[in-house]
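# Observations on the three-dimensional arrangement
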Amino acid sequence: MSERTPYQAEQRRDLVVGLVLLVLGIVWTGIVLATIPPGNYGIGPRAFPLWLGVGLVALSAILAGGAWLRRNGDGEDPGDSGLAGMGWPVFRMVVLVCLILAAYGFLMQRAGFLLATALTVAFSLWVVLGERRPFLVAGMAIGMSVGVWLVFGQLLGAYLPRGTWLPF
């Protein structure tokens, strides 16, 4: 078995990430179609999550397909793929992001959209990206939470969970 070049490692990473995101996009789109009502004339509460899922499916298919086509051109065995070739840092990052997303879903129902989003953004910046400037982390967390709340909750009238832990 020959050593992998950095280019081959990048191809493998793109293929695995693209396939994982493709599965997530398909599952997301299926859940949206099964659980959220369509609204009038196709515009309603289902539109944004549905197009988000469709976009994720399309972009992840492009990522995985491009990596697959590049691999086949190198003469490498296309069946030799999987999480084992990703390496510990990338695998740790994927697991951490999945745990953060699961915690965000839990927090959103309990603490409400604003607090859950601010905590998740701050935690992601601090732990995943390694950002250590507290004013930047706080500003990004508060700015993103309030900005998204203003656009989606106030301007577009989308339902954003209020939470059950806090009285407001």
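My aim in this report is to walk through the structure given alongside it, one point at a time. All figures in this text were calculated on a predicted structure; none of them were measured in a lab.

### Considerations on the overall build of the protein chain
Counting its regular elements, the protein chain contains 5 helices and 0 strands. Across the 168 residues that make up the protein chain, the buried fraction comes to 26%. Sequence separation of 24 or more characterises 64% of the internal contacts of the protein chain that already satisfy a separation of 6 or more. Taken as a whole, the protein chain presents about 11200 Å² of accessible surface, with 74% of it coming from carbon and sulfur.

### Observations regarding helix α3 (residues 88–111)
Quick reminder: α-helices carry 3.6 residues per turn. Residues three or four places apart thus point the same way. Compared with an ideal rise of 1.5 Å per residue, which puts 24 residues at 34 Å, α3 spans 33 Å between its outermost C-alpha atoms and is within 8% of the ideal. Residues Leu 96, Ile 100, Tyr 104, Leu 107, Met 108 and Ala 111 constitute the buried set of α3. Contacts made by the buried residues of α3 are with α4 (113–128). Phi turns positive one or two residues past the end of α3, at Gly 112, with a value near 95 degrees.

### Examining the nonpolar core
Nonpolar side chains in soluble globular proteins tend to be buried together. Tyr 104, Leu 107, Met 108, Ala 111, Phe 113, Ala 116 and Leu 160 form the largest nonpolar core, which has 7 residues in total. Among the secondary structure elements, those contributing two or more residues to this core are α3 and α4. The greatest single-element share of this core, amounting to 4 residues, is contributed by α3. Membership of the second largest hydrophobic core comes to 5 residues, among which are Ala 118, Val 121, Val 137 and Ala 141.

### Re the packing of aromatic side chains
Counting across every chain of the model gives 2 aromatic pairs. Aromatic side chains Phe 106 and Trp 165 sit 6.0 Å apart centroid to centroid with 70 degrees between the ring planes, which places their arrangement in the edge-to-face category. One end of the pair, Phe 106, is in helix α3; the other, Trp 165, is in the segment after α5 (134–155), with 59 residues separating them in the sequence.

### Re the side chain of Ser 145
Mapped onto the elements, Ser 145 comes out in helix α5. Classification of Ser 145 by relative accessible area gives buried; the value is 2%. Those residues within four positions of Ser 145 in sequence are excluded, and the remaining contacts are Phe 113, Leu 114, Thr 117 and Ala 118.

Rules behind the numbers
- Residues numbered from 1 in each chain as written.
- Predicted model: local features only at pLDDT ≥ 70, side-chain atom pairs only at ≥ 80, totals over all residues.
- Heavy atoms only, no water.
- Helix = DSSP H or I, 4+ residues; strand = E, 2+ residues; numbered from the N terminus.
- Buried < 20%, exposed > 50% of the residue type's maximum accessible area, 1.4 Å probe, protein only.
- Contact = heavy atoms within 4.5 Å.
- Areas by Shrake-Rupley, 256 points an atom, 1.4 Å probe, with all protein chains shown as cover.
- Expected span 1.5 Å × (residues − 1).
- Core = buried A, V, L, I, M, F, W, Y, C linked by side-chain atoms within 4.5 Å.
- Phe/Tyr/Trp six-rings, centres within 6.5 Å; stacked < 30°, edge-to-face > 60°.

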